[in-house]
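Fold and contact review
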Amino acid sequence: MLDMNWNSVALITGGQSRAINGENRRGEKGKGGMAASDLGPSRKGSPCLRGIQPGDTAELADIEGPGTIQHIWITVKDKTTDADCFVLRDLVLRFYWDGQTRPSVEVPLGDFFCCGFGQGCVVNSLPIVVVPDRGLNCYFPMPFKRHARITLENQHKNAISSFFYQVDYCLGEVPKNAGYFHAQWRRERLTQKGRDYVVLDNVRGRGQYVGTYLALSTLERYWWGEGEMKFYLDGDDEYPTICGTGTEDYFGGAWSFASHETGKTVEQNYCTPFLGYPFYANRDTTVYNRYHNDDVPPMRGFYRWHIPDPIHFEQDIRVTLQQIGVCHRGLFERQDDVATVAYWYQDEPYVEFPQLPSPEERWPR
């Protein structure tokens with residue numbers, strides 16, 4: 001069930017395949033697609049959740065285990081009005097494992113699927129895939145021993161008229177050493193000079209770090225990508241065990257990701273199975289108004305999946321990112337707007353999360 005090797009596709013592993021969506025909220029056997037429409041019974045009568053009101057929390061899945069969530073698909077409109085255009089940052093996903101009352105996943109919907117800044121983009125990677133138009137897919141395996149629960153909180157100003165989703169899972173025993181999936185969102189609207197941005201900390205236990213999503217709004221001129229990713233493992237204090245060579249290097253790029261055409265630097269986006277730069281914009285395309293400027297701080301979205309190369313920890317882990325740039329004068333300390341999602345597995349199903357900022361504090365600049 002958890003084997004990612006292509007050869008395992010041919011192996012008969014057993015288990016009970018189930019799916020939860022708007023027409024089968026409990027994932028019950030033999031009860032899919034029962035809702036009636038104007039076309040009659042079992043003719044697309046209830047394909048989505050309707051009218052999720054501001055402040056309400058919708059339950060997307062409530063599953064008795066053991067089992068493994070194998071795939072999640074979601075789509076929703078990205079704005080309700082021109083004044084309320086950041087739905088993907090206003091909706092909050094939370095996952096709870098084995099009866100925990102506090103979440104192991106707490107991330108704005110868009111950022112979880114590598115679509116920061118409140119707007120969608122195409123992502124073509126192994127665990128996260130986003131296809132036109134905002135078809136959000138996650139393939140991270142999520143095992144649980146007794147119980148799994150997924151919720152969606154509407155922190156948007158208006159009701160969400162239609163929320164489409166499906167959770168595909170398999171009931172069956174999971175390996176004793178299977179870890180619990182975690183994901184955590186953080187943001188500093190203005191980083192502090194000379195102090196590393198914290199991607200993840202206060203994680204105790206045994207596990208492996210499997211990915212980073214970075215939504216970066218650059219607030220200063222010149223090149224921004226010299227800051228190093230640092231992984232402090234198992235008691236590291238002043239210095240980390242793993243330290244990279246620069247931000248663009250961590251995401252697999254080189255020489256600023258850019259090409260040069262007629263004397264100008266041109267951003268080059270890319271997607272690969274394990275690392276990518278799927279999003280760049282310096283204009284506001286969410287709203288048009290004849291009285292608004294449409295220029296915004298340059299926005300860049302990156303992902304890096306440590307799937308072939310997970311970062312293992314036995315006791316604890318802390319992850320940080322420097323804000324360092326370079327220009328004709330040399331290296332310099334920067335201040336930028338940084339948001340991240342950290343993805344990891346560990347042997348216990350809960351970590352103390354920092355308080356999630358309000359919707360207004362999550363909105364892009």
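Right above here is the structure, for reference.
Figured I'd write up the structure that's included with this text. (Residues numbered from 1 in each chain as written. Predicted model: local features only at pLDDT ≥ 70, side-chain atom pairs only at ≥ 80, totals over all residues. Heavy atoms only, no water.)

**Some details on the nonpolar core**
One finds Ile-69, Phe-112, Phe-163 and Tyr-343 to be the most contacted residues of the largest nonpolar core, which totals 62 residues. A per-element tally of this core places strand E12 (residues 160-171) first, with six residues. One finds Tyr-197, Leu-216, Val-319 and Ala-342 within the second-largest nonpolar core, a separate group that totals 27 residues. (Core = buried A, V, L, I, M, F, W, Y, C linked by side-chain atoms within 4.5 Å. Buried < 20%, exposed > 50% of the residue type's maximum accessible area, 1.4 Å probe, protein only. Helix = DSSP H or I, 4+ residues; strand = E, 2+ residues; numbered from the N terminus.)

**Structural notes on the pairing of strand E13 (residues 180-188)**
Counting buried positions over the nine residues of E13 gives nine, a clear majority of the element. Residue alternation in E13 divides its side chains into two sets, Tyr-180, His-182, Gln-184, Arg-186 and Glu-188 and Phe-181, Ala-183, Trp-185 and Arg-187, and both sets are buried. As judged from the two bridges shared by strand E6 (residues 105-108) and E13, these two strands associate in the parallel manner. When the bridges of E13 are listed, Glu-106 appears paired with Gln-184. Sheet topology places E13 next to strand E27 (residues 337-346); nine bridges connect them, and they run antiparallel. (Pairing = 2+ DSSP bridges.)

**Here we look at the environment of His-328**
Examined against the element boundaries, His-328 turns out to sit in the loop between strand E25 (324-327) and strand E26 (330-333). Linking His-328 and Tyr-222, residues 106 residues apart in sequence, is a C-alpha distance of 8.8 Å. There is a polar contact of 3.5 Å between the side chain of His-328 and the side chain of Arg-329. (Polar contact = N/O pair within 3.5 Å; in protein donor to acceptor, adjacent residues only side chain to side chain.)

**A look at the pattern of salt bridges**
What the rule picks out here adds up to 21 salt bridges. Here Arg-300 ties to Glu-267 by a salt bridge, and the two come within 2.8 Å at their closest N and O atoms. Taken as a pair, Arg-300 in strand E22 (residues 295-305) and Glu-267 in strand E19 (residues 264-267) lie far apart in primary sequence, 33 residues in all. Among the charged side chains, a network of salt bridges with common partners joins Arg-26, Glu-59 and Arg-149. (Salt bridge = Lys/Arg side-chain N within 4 Å of Asp/Glu carboxyl O.)

**Section: the packing of aromatic side chains**
All told, the structure shown has 29 aromatic pairs when counted by the stated rule. Between Phe-86 and Trp-363, the aromatic rings sit 5.9 Å apart at their centres with planes inclined by 45 degrees, giving tilted as the arrangement. One end of the pair, Phe-86, is in the loop between strand E4 (67-76) and helix H1 (87-90); the other, Trp-363, is in the segment after helix H4 (359-362), with 277 residues separating them in the sequence. What makes Phe-86 buried here is its relative accessible area of 17%. Take Trp-363: its relative accessible area is 30%, and that puts it in the partly exposed class. Each member of the aromatic cluster is reached from another via a ring pair, and the members are Phe-95, Trp-97, Phe-112, Phe-113, Phe-140, Phe-144, Phe-181, Tyr-303, Trp-305, Tyr-343 and Tyr-345. Over the ring of Tyr-96 we find Arg-149; its NZ or CZ atom is 5.2 Å from the centre of that ring. One residue, Arg-318, lies across the ring of Tyr-232, its end atom 3.9 Å from the ring centre. (Phe/Tyr/Trp six-rings, centres within 6.5 Å; stacked < 30°, edge-to-face > 60°. Lys NZ or Arg CZ within 6 Å of the ring centre and 35° of its normal.)

**Some points on the pairing of strand E15 (residues 207-217)**
Extensive coverage of E15 is indicated by the burial of 10 of its 11 residues. Note: E15 against strand E23 (residues 311-313), three bridges, orientation antiparallel. The residue of E23 that forms the bridge with Tyr-209 is Ile-311. The sheet contact formed by E15 and E27 spans 10 bridges and is antiparallel. Within the sheet, the bridge partner assigned to Thr-212 lies in E27 and is Ala-342. Relative to E22, E15 is paired through seven bridges, and the arrangement is antiparallel. Following the sheet pairing, Leu-214 is matched in E22 by Phe-302.

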